[in-house]
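# Overview (structure and organization)
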2 protein chains.
Amino acid sequence: MSPIKLAIVGVGKIVRDQHLPAIAGNGNFELIATASRHGTVDGVPAYSSIEAMLEAVPAIDAVSLCMPPQYRYDAARKALDAGKHVFLEKPPGATLSEVQDLIRLADSKGLSLFASWHSRYAPAVEATRAFLAGAAIRSVEIIWKEDVRHWHPNQEWIWQAGGLGVFDPGINALSIMTHILPNPVFLTGAELTFPENRDAPIAASLAFRDQAGLAVNAEFDWRQTGKQTWDIRAETDKGLMVLESGGSKLTIDGREQLNAADDEYPSLYRRFAEIISAGRSDTDLAPLTHVADAFMLGKRRVTEAFHD
Amino acid sequence: MSPIKLAIVGVGKIVRDQHLPAIAGNGNFELIATASRHGTVDGVPAYSSIEAMLEAVPAIDAVSLCMPPQYRYDAARKALDAGKHVFLEKPPGATLSEVQDLIRLADSKGLSLFASWHSRYAPAVEATRAFLAGAAIRSVEIIWKEDVRHWHPNQEWIWQAGGLGVFDPGINALSIMTHILPNPVFLTGAELTFPENRDAPIAASLAFRDQAGLAVNAEFDWRQTGKQTWDIRAETDKGLMVLESGGSKLTIDGREQLNAADDEYPSLYRRFAEIISAGRSDTDLAPLTHVADAFMLGKRRVTEAFHD
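Residues numbered from 1 in each chain as written. Chains lettered and ligands numbered in written order. Predicted model: local features only at pLDDT ≥ 70, side-chain atom pairs only at ≥ 80, totals over all residues. Heavy atoms only, no water.

### Things to note about the overall build of chain A
Applied cut-off: Under the DSSP-based scheme used, a helix requires at least four consecutive residues in state H or I and a strand at least two consecutive residues in state E, with every element numbered from the N terminus. Based on C-alpha atoms, the radius of gyration is set beside the globule rule, defined as 2.2 Å times the residue count to the power 0.38. The cut-offs for exposure are 20% and 50% of the maximum accessible area for each residue type, with area from a 1.4 Å probe on protein chains only; residues under the lower value are buried, those over the upper are exposed, and the others partly exposed. Using a 1.4 Å probe, accessible areas were evaluated by the Shrake-Rupley method; residue-level cover was limited to the displayed protein chains. Asp and Glu are treated as the negative residues and Lys and Arg as the positive ones, with His and the ends of the chain left uncounted. In this description, the location of a charge corresponds to atom NZ of lysine, CZ of arginine, CG of aspartate or CD of glutamate.
On a plain count of helices and strands, chain A comes out with nine helices and 15 strands. Expected size for 308 residues packed as a compact globule is a radius of gyration near 19 Å; at 20 Å, chain A falls within 12% of this value. With the principal axes as the frame, chain A shows a C-alpha extent of 55 × 45 × 35 Å. Classification of the 308 residues of chain A by burial places 58% in the buried group. Here chain A has roughly 12,000 Å² of accessible surface; of this, 46% comes from carbon and sulfur atoms. Treating the 30 positive side-chain charges of chain A as one cloud and the 39 negative ones as another, the clouds have centres 2 Å apart.

### Some points on unusual backbone geometry
Residue and element names in this part refer to chain A. For the peptide bond that leads from lysine 90 to proline 91, omega is -10°, which places it in the cis range. For proline 91, the position within the fold is in the loop between strand E5 (85-88) and helix H4 (96-109). In this structure, serine 245 takes a positive phi of about 55° despite not being glycine. Tracing the chain through its elements places serine 245 in the loop between strand E12 (239-244) and strand E13 (249-252). Taking the relative accessible area as the measure of exposure, serine 245 reaches 42% and is therefore partly exposed. In the Ramachandran plot, aspartate 253 falls in the positive-phi region, its phi being about 50° despite a non-glycine side chain.

### A word on helix H5 (residues 125-133) of chain A
One full turn of an α-helix is made of 3.6 residues, so residues set three or four places apart face in the same direction. Residue and element names in this part refer to chain A. The cut-off we apply is this: Starting at the helix axis, one direction is taken to each C-beta atom, and the arc is that of these directions. Any two residues having at least one pair of non-hydrogen atoms within 4.5 Å are treated as being in contact.
Those residues of H5 not exposed but buried are Val125, Thr128, Phe131 and Leu132. Seen along its axis, H5 keeps its buried residues to an arc of 120°; they face one direction. Facing away from the buried side of H5 by over 90 degrees, the exposed positions are Ala130 and Ala133. On its buried face, H5 sits against strand E7 (137-145), helix H7 (167-180), strand E11 (229-236), E12 and E13.

### Brief notes about the pattern of salt bridges
Two side chains carrying opposite charge are able to pair once their charged atoms lie near each other. All names here are of chain A. Our working rule: Every case where a carboxyl oxygen of Asp or Glu lies within 4 Å of a side-chain nitrogen of Lys or Arg is listed as a salt bridge.
The tally for this structure, following the rule as stated, stands at 33 salt bridges over all chains. As a salt-bridge pair, arginine 198 and glutamate 156 come within 3.4 Å of each other at their nearest N and O atoms. Of the two residues, arginine 198 is situated in the loop between strand E8 (185-195) and strand E9 (203-210) and glutamate 156 in the loop between helix H6 (148-151) and H7; the sequence distance between them amounts to 42 residues. For glutamate 156, a relative accessible area of 44% puts it in the partly exposed group.

### Some points on the nonpolar core
As a reminder, the rule being used: Residues belong to a common nonpolar core when they are buried Ala, Val, Leu, Ile, Met, Phe, Trp, Tyr or Cys residues joined through side-chain atoms within 4.5 Å.
Formed by 116 residues in total, the largest nonpolar core has its most connected members in Phe167 and Phe220 of chain A together with Phe167, Leu206 and Phe220 of chain B. Beyond its immediate sequence surroundings of up to four residues, leucine 206 of chain B is in contact with Phe167, Leu174, Leu187, Gly189, Ala190, Val216, Asn217, Ala218, Phe220 and Ala294 of chain B.

### Considering the packing of aromatic side chains
All names here are of chain A. Stated formally: Between rings of Phe, Tyr and Trp, where Trp is taken as its six-membered ring, a pair exists when centres lie within 6.5 Å; planes separated by under 30 degrees are stacked, by over 60 edge-to-face, and by other angles tilted.
One pass over the full model with this rule turns up 24 aromatic pairs over all chains. Ring geometry for phenylalanine 87 versus tyrosine 269: centroids 4.8 Å apart, planes at 20°, classification stacked. Of this pair, phenylalanine 87 sits in strand E5 while tyrosine 269 is found in helix H8 (residues 264-278), placing the two residues 182 residues apart along the sequence. Among the aromatic side chains, those forming a connected cluster through ring pairs are Phe29, Phe87, Phe114, Tyr269 and Phe272.

### Some words on the relation of the copies chain B and chain A
Let me state the cut-off plainly: For the least-squares superposition of copies, only C-alpha atoms count, and only for residues with pLDDT at least 70 in both.
With an axial shift of 0.0 Å and an RMSD of 0.0 Å, the rotation relating chain B to chain A amounts to 180°. The relationship between the two copies is best expressed as a two-fold rotation axis. An overlap of 100% is found between the interface residues of chain B and their copies at the interface of chain A, pointing to a shared contact surface.

### Observations regarding the UniProt feature "domain: Gfo/Idh/MocA-like oxidoreductase N-terminal" (unreviewed entry) in chain A
Rule in force here: UniProt positions are given in the numbering used here, feature names are shortened, and annotations may be inferred rather than shown by experiment.
Mapped onto this numbering, the UniProt entry annotates "domain: Gfo/Idh/MocA-like oxidoreductase N-terminal" (unreviewed entry) at residues 4-113 of chain A. Helix makes up 39% of residues 4-113 of chain A and strand makes up 22%, while its end C-alpha atoms are separated by 15 Å.

### As for the confidence of the model for chain A
Counted only if it meets this: pLDDT expresses how confident the predictor is about each individual residue, on a scale running from 0 to 100.
Across chain A, the average pLDDT comes to 96, with 100% of residues at 70 or higher. Among the scores for the predicted complex, ipTM is 0.95 and pTM is 0.96.

### Details of the sheet that holds strand E4 (residues 62-65) of chain A
All names here are of chain A. The criterion, for reference: The rule for pairing is simple: two strands pair if DSSP sees at least two bridges between them. Between the N-to-C directions of two axes lies an angle of 0 to 180 degrees, each axis being a line fitted to C-alpha atoms and, for a helix, fitted only over the stretch in contact.
Taken in spatial order, the six strands make up an open sheet running E3-E2-E1-E4-E5-E6, and their pairing is parallel. One side of each edge strand has no neighbouring strand; the edge strands of this open sheet are strand E3 (46-47) and strand E6 (113-115). Direction of pairing for strand E1 (residues 4-9) relative to strand E2 (residues 29-35): parallel, over a ladder of six bridges. From the neighbouring strand, valine 9 faces E2, where its bridge partner is alanine 35. Sitting on the sheet, helix H3 (residues 72-81) is in contact with E4 and E5, with an inclination near 160° to E5.

### Some details on the domain arrangement of chain A
All names here are of chain A. Quick reminder of the rule: Boundaries between domains were set according to an automatic or database domain assignment. In short, buried area is how much 1.4 Å probe accessible area vanishes from two parts on joining, totalled over both.
Each domain of chain A was delimited in the assignment, giving domain 1 (4-115) and domain 2 (121-261 + 292-303). Centre-to-centre separation of domain 1 and domain 2, based on C-alpha positions: 27 Å. Opposite the nine residues of domain 1 that make contact, domain 2 presents 13 residues. Buried area between domain 1 and domain 2, both sides added, is near 780 Å², and the carbon and sulfur share of it is 61%. Summed over the three residues of domain 1 that lose the most area to domain 2, namely Gln70, Lys90 and Pro91, the buried surface amounts to 51% of that side.

So, in structure tokens, the structure goes:
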């Protein structure tokens, strides 16, 4: 099969760091255009808007949408209306309802829509899921603490209403959680901490449980300097499971089971090619649903102002 | 068919005002038990918890759950686990995820779960839906302004995180909106106003649109004294449509089309009997999804303290 002719919209840090290398390494895709207000990719025709790009390059088969979530719906709709398959960076949109609208539209047009969750493709996630399926889980603790100044320097959009704040990394943890646990969970309590000068939270404490009463607690914090922590720990009848480093490393009672190099975005593009080939979509909204639930149910606390 | 043996959990104002008269007027139901911390119904065996009631009265076929939404999931799960059909007062739960869990459970057990939206059964709603289906809609405005001191005096739970604040009445407007408009809408912006001493909003401004660009604006406010307003107005090519008084009255260009007495809860119980008889559930989560989206996307403003 000839390569899928791909375009990228929103050329920023995540595109340069992750999408471009993954696409370059995947023979199923050929990057033929980009649209972005500022960013360009060497050697690839660049347009300043998705409308201009779709009009100028009808050969595009699929688009990857990498702009901030607040602006993703309109671009996705234009791409789907033009008959293109769509890859949505995470989170797939600013609201659940708008993504549900895209799902209906893609379905009605027979196009593939991919609500991507890159952390689910971290190397030790599948082994963790398999381990938990065979264990009795007593409790789960998620700790996702990083330094926002390092990972999101001067990204104003992430602090705006709808930018999700600390849930931008936190939703990665939730995308793993909803994939590895044997039963669905739901939120029973939450506290969200907002800097007094920002419209998005800098920290969150979440309490989930499942139908059987299993407690899952999560702590997200963007004020972590020094060692960065992206861990999920589970007490089980088969020992203490720790999925470390955002899903890269799995240990049971301190014994390393798996520790592999990051392959998330290459896996995402393999998956995107797979669903296009199969004529299907892949749009699990569970991680974003938990975030919306946390904003709806959560208590708000105000803390000192945050400045980059 | 012999009547459905019904129990009510959470005997408060809405039960006395609405559920009891509706049940008394419907030959398909027989109220045989209640469970509540404080409230009782004359002549009906009363229990202090749903567990005690389910154990003492195995003949119960169905339960109506009318406690605050923060406490509804556990009761619903116990009722479904005991093989009972379940009627959920609105909103159906404190989170989307927990209601999705109940939907799966009811489905797996072949029981009927009813996420009720009483305002959808207001007398002029169906006529409004039919009118809008045949009109070109230019804009929609929702105004839902009432006096919380009158309608929710000293209801502490409604001001707690998860109590939804002004979205408790506002979700009624959203339940009508999602029923009468020809296309699904999604939120593009919101502002939520919280009293400085409360964890739930006292006012909200919401901007929605649909795929075709139709703008739908909603204003919810709990500080309205004097005339109370629960109106949905639409500018159309066939004139100005006004659905007034929470769905009771429909006018087009000022000409009254329909103005009927409230029949919402009797209609809800007719619907509940119908889905039990058909072996189906009725669980549209669109109104609660919009509320969760508003909390996630909305900007927060703090205003003066509210005291009952």
